[in-house]
Amino acid sequence: MALQKEIWIADIQENLYQGNEFITKSIDDSEYIAFKLVHLPQSGAGSLISINRSSLPATIIPRVDADMTYQVNEFSVDPTLITNIDILQVSYDKRMSVLRDNLLNLQDAVGSTTLYSWAPSATASRIVQTTGASMSNVLAPSATGSRKAITLADIGKARSILDNDNVPQTGRVLVIPADMYNAQLLAIDDVIIAYSFGTLGAAAPIPSGVVKQIFGFDIYIRPNVLVYDNAAPINALKTLNSYGKPASPASTDMVGALAYHPNFVSRALGDIKAFANEDKAEYYGSLFSALIMHGAKYRRLDQKGICSIVQAVA
């Protein structure tokens, strides 16, 4: 039976953010995609205020605006071959299994790329370093040794940064690595007590993706969030390779969590395509693959409305 591309495309679109629900907590720029770019106009400095103006005419000052753009990336999965013998001998629908595996890989790559596109980099004022006890239970993929654990005070510092940015108090998001949440944050006595009595926020329904709420942040967990280089000061975000994983992993890497307000980050979803070359004679089977166009970026050149909580060397 031929692949129903329309059904598969709709399935990708409907489930793309499953497990990455935090992505929906952003401004959708999809309608503004033009030639793989999204333009975000940046307002220039506002006019000065004068109280009891004593001289006229007033000085006329033009407002100089800037233009910030971000790219919509092409995420494509390698074609998968399903041979005729697979179809005849395998008891389950291998074709649909392969396509759903491809969707999971797309979800992971889009989620990681979105986080890295939103995260501050090379801006020390946007980084909160952890201050807890020395621990080795939360490390970046290739990291060794110990790092300082996350504390409530660290989350409070992130909140203070957003407060000083004049960010709305409601709707704030903290995306935190699962190990950091489970092994460190949930081990804090005050968190255990507060969660027990619901004073830090009750659990939300699972479809929302929100685990709990702390200091006004809706908490989302994910296996991997951010990785930073350890160069002092720790504010250099690792680059991602073509698979959406941190490039050049090092034993000194630092794990990070991302705090932001949805009004200060953007996403854009473009084309979604499913490809099928069925019954290829030279392959004795069929080829399947998929592609989506997706981009993301913080909305302010000064990076207001976002900050990262990054491990410090123990």
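Anything mentioned here points back to the structure above.
The structure reproduced in this document is the subject of the present report. (Residues numbered from 1 in each chain as written. Predicted model: local features only at pLDDT ≥ 70, side-chain atom pairs only at ≥ 80, totals over all residues. Heavy atoms only, no water.)

### A few points about helix H4 (residues 152–164)
- The end-to-end C-alpha separation of H4 is 18 Å, in line with the 18 Å expected for 13 residues at 1.5 Å each.
- For H4, the complete set of buried residues consists of Leu152, Asp154, Ile155, Ala158, Ile161 and Leu162.
- Looking one or two residues past H4, Asn166 carries a phi angle of roughly 60°, positive in sign. (Helix = DSSP H or I, 4+ residues; strand = E, 2+ residues; numbered from the N terminus. Expected span 1.5 Å × (residues − 1). Buried < 20%, exposed > 50% of the residue type's maximum accessible area, 1.4 Å probe, protein only.)

### Side note on the packing of aromatic side chains
- Under the defined criterion, the tally for this structure stands at two aromatic pairs.
- Look at Phe22 and Trp118: their rings are 6.1 Å apart centre to centre, the planes differ by 80°, and that puts the pair in the edge-to-face class. With a gap of 96 residues between them, Phe22 in the loop between helix H1 (5–15) and strand S1 (27–28) and Trp118 in helix H3 (residues 94–118) connect regions that are remote in the sequence. This pair shows no difference in class: Phe22 is buried, exactly as Trp118 is.
- Here Trp118 and Tyr260 contribute two aromatic rings whose centre-to-centre distance is 5.0 Å and whose plane-to-plane angle is 55°, an arrangement assigned as tilted. With Trp118 in helix H3 and Tyr260 in strand S13 (residues 254–260), this pair connects stretches of sequence that are 142 residues apart.
- Taking the relative accessible area as the measure of exposure, Tyr260 reaches 0% and is therefore buried.
- Cluster of aromatic residues (ring-pair linked, three or more members): Phe22, Trp118 and Tyr260.
- The ring of Tyr298 has Lys297 sitting right over it, with the charged end atom 4.4 Å from the ring centre. (Phe/Tyr/Trp six-rings, centres within 6.5 Å; stacked < 30°, edge-to-face > 60°. Lys NZ or Arg CZ within 6 Å of the ring centre and 35° of its normal.)

### With respect to the nonpolar core
- In terms of nonpolar packing, the biggest core is built from 79 residues, with Leu185, Leu226, Tyr228 and Tyr260 touching the most fellow members.
- With nine residues, H3 is the single largest residue contributor to this core.
- Beyond its immediate chain neighbours, meaning those up to four positions away, Tyr260 contacts Phe22, Lys25, Trp118, Leu162, Arg172, Val173, Val175, Val265, Gly305 and Ile306. (Core = buried A, V, L, I, M, F, W, Y, C linked by side-chain atoms within 4.5 Å. Contact = heavy atoms within 4.5 Å.)

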